[in-house]
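Architecture at a glance
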Amino acid sequence: MNFIVNSTILARDREVVAVNLRALSDGCEISIAKNSVWLDKDREYVEKIKETLKNVSKDAPISFKQTCDREDMRDLILTIVEYCSEKLRYTTKINDVDIFDKVDVLNNEEKYTISSYKDLFFRIDLKLLNPDVVIQPILPWNGIVKKFLDHEKEYEGFMEECLKDPTIGRRLKRMYGGVDAELNCVSSNEMYLHAELNLLTSVMNHEEKRIFIAVSKKCCYLFELYIRYVQEIKGYNVTFSGSHKSLKKLCSRWKLPDTFKKEFMSYAQLELDRIIEYEIKWCTKPDSESECIEAYLNSSFYHNF
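How each quantity is defined
- Numbers given for residues are sequential positions, taken from 1 along each chain in its written order.
- Residues qualify for local features only when their pLDDT is at least 70, as the model is predicted, and side-chain atom pairs are given and counted only at 80 or more; totals for whole chains, interfaces and linings, by contrast, use all residues.
- Each side-chain value is derived from all of the structure's non-hydrogen atoms; neither hydrogens nor water enter the calculation.
- For the purposes of this entry, the term helix denotes a DSSP run of H or I that reaches at least four residues, the term strand denotes a run of E that reaches at least two, and both are numbered from the N terminus.
- Burial here depends on accessible area, computed with a 1.4 Å probe over protein chains only, as a share of the maximum for the residue type. Under 20% is buried, over 50% is exposed, and the range in between is partly exposed.
- Contact definition: two residues touch when any of their heavy atoms are within 4.5 Å.
- Areas reported as accessible are Shrake-Rupley estimates using a 1.4 Å probe. Residue values count occlusion only from the protein chains shown.
- DSSP calls a pair of strands paired once it identifies at least 2 bridges connecting them.
- Axes, fitted as lines to C-alpha atoms, cover a helix only where it is in contact. Angles between the N-to-C directions of the axes lie from 0 to 180 degrees.
- Buried Ala, Val, Leu, Ile, Met, Phe, Trp, Tyr and Cys residues that are joined via side-chain atoms within 4.5 Å together make up what is termed a nonpolar core.
- What counts as a salt bridge is simple: a side-chain nitrogen of Lys or Arg found within 4 Å of a carboxyl oxygen of Asp or Glu.
- Helices are assigned an expected span. That span is 1.5 Å times one less than the residue count.
- What the arc covers is the set of directions going from the helix axis to the C-beta atoms.
- Residues enter patches when their relative accessible area tops 30% and they take part in no salt bridge; the joining distance is 9 Å for like charges and 5 Å for the nonpolar side chains Val, Leu, Ile, Met, Phe, Trp and Tyr.
- Orientation labels follow simple angle bins: below 35 degrees gives roughly parallel, above 145 gives roughly antiparallel, 65 to 115 gives roughly perpendicular, and whatever is left gives oblique.
- Rotating anticlockwise by less than a right angle from the far helix to the near helix defines a left-handed crossing, while the corresponding clockwise rotation defines a right-handed one.

Here we come to the overall build of the chain. Secondary structure summary: the chain contains 13 helices and 9 strands in total. Within the chain, the fraction of its 305 residues that count as buried is 42%. Counting contacts in the chain only where the partners sit at least 6 residues apart, residues at least 24 apart contribute 71% of the total. With an accessible surface of roughly 17000 Å², the chain has 51% of that area assigned to carbon and sulfur atoms.

Below you can see the structure in the form of structure tokens.
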């Protein structure tokens, strides 16, 4: 059994955090993954949330008002505000007073009670997954592009248009180390398994077929493609928050999961090739990183796939 959990309060600054909760016979298992390394202050913060949940569950059933009036809960709210202060600064105008005002409004609703999770949080097995990062070779950019073009002049024109865009230039430099001879050479770069995919493959190792993952940010298109694969081919029922349905963003430095790696590549490669071909031939001057992909996904080219 899986429960919806809030991953946003676990993400510091702009990092990405993914959470899964599984009910056990005598408690629950909470697995958390993030893209960056777990610092001591991160572990202390998560441990404080865990202990507060356990302490509140011991006194259940209690009303929502009683829960919010508890000293440990109010202290936890202040800790969350402090931990997430950088993120709150650019996402919304909020402070501890705002939070307590919202709590006071909910206090008037007597129907809110904390009772359902008394047994669930009696024992919490907390698992913090380490990030999965590798140094991986990258094929030459010109070789990839020329695969989809018929003539050398087409390639030269396409490269010229790309380098006119400072954003594309910065990304190429970041990936290949430069935008001249570097584009003709095999490079290497740091690739990492996105937090939500790291968590998903970990949960699948428990042979769970129904899985919910809460993600603190919207997920990329490759994650959605992997979800489609494990649902259609492997029979999993996966639900996740943060679907990037409007932008369909492709992220660089995306590491393939080891679980179903070869099978997924066979499943995904044709569609990824079609996206690259569509971008090269029809979108030499995108206004944004995702415009070409969105245009492709809305085209008959995609729907006939």
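After presenting the structure, the write-up continues.
Another point: the sheet that holds strand β8 (residues 210–215). Read across the open sheet, the 5 strands follow the order β5-β2-β1-β8-β9; overall the sheet is mixed. In this open sheet, the two edge strands, each paired with only one partner strand, are β5 (124–129) and β9 (237–240). The sheet shows a mean angle of 20° between the axes of neighbouring strands, taken without regard to direction. Here 2 bridges tie strand β1 (residues 17–24) to β8, and the two strands are oriented antiparallel to one another. By the bridge assignment, Val-19 is partnered in β8 with Ala-214.

With that settled, the discussion passes to the nonpolar core. Core analysis: the biggest nonpolar cluster contains 33 residues, and Leu-200, Met-204, Ile-213, Phe-223, Tyr-226, Val-230 and Phe-264 have the highest contact counts within it. Counting only elements with at least two residues in this core, the list comes to α9 (195–204), β8, α10 (221–232), β9 and α11 (261–282). Broken down by element, this core gets its largest block of residues, 8 residues, from α10. In contact with Tyr-226, not counting residues within four places along its chain, are Leu-197, Leu-200, Thr-201, Met-204, Pro-257, Thr-259, Phe-260 and Phe-264. One finds Val-17, Val-19, Val-46 and Cys-84 within the second-largest nonpolar core, a separate group that totals 23 residues.

Inspection of every chain in the model, using the stated rule, returns 16 salt bridges. Notably, a salt bridge pairs Glu-152 with Lys-146, separated by 3.3 Å at the nearest N-O pair. Taking relative accessible area as the criterion, Glu-152 reaches 41% and is therefore assigned partly exposed. Assessed through its relative accessible area of 33%, Lys-146 is described here as partly exposed. With its nearest N and O atoms 3.5 Å apart, the salt bridge here joins Glu-161 to Lys-164. Pair noted here: Glu-161 and Lys-164 are both in helix α7 (residues 152–164), with a separation of 3 residues, about one helical turn. Shared partners join several salt bridges into a network, and the residues in it are Glu-15, Lys-34 and Asp-42.

We now examine the side chain of Lys-50. Of note, Lys-50 is situated in helix α1 (residues 40–58). In contact with Lys-50, other than residues within four places in its own chain, are Ile-124 and Leu-126.

Between the first and last C-alpha of α7 there are 19 Å, a value that for 13 residues agrees with the 18 Å anticipated at 1.5 Å per step. Listed as buried for α7 are Tyr-155, Phe-158 and Cys-162. Angular distribution of buried residues about the axis of α7 spans 70°; they occupy a single face of the element. Away from its buried face, by an angle of more than 90 degrees, α7 presents the exposed residues Lys-153 and Lys-164.

Looking now at α10. Between its terminal C-alpha atoms α10 stretches 16 Å, which fits the 16 Å expected from 12 residues at 1.5 Å a residue. The buried fraction of α10 amounts to 9 of the 12 residues, a majority that puts the element mostly inside the structure.

A contiguous nonpolar patch, built from Leu-139, Ile-144 and Ile-276 and spanning about 240 Å² of accessible area, is present on the exposed surface. Secondary-structure assignment places Ile-276 in helix α11.

This paragraph deals with the packing of α9 against α10. Where α9 contacts α10, the axes come no closer than 11 Å and their chain directions differ by 20°. Considering the angle they form, α9 stands roughly parallel to α10. Note that α9 runs across α10; the crossing there is left-handed. Between α9 and α10, the contacting residues are Glu-196, Leu-197, Leu-200, Thr-201 and Met-204 on the first element and Phe-223, Tyr-226, Ile-227 and Val-230 on the second.

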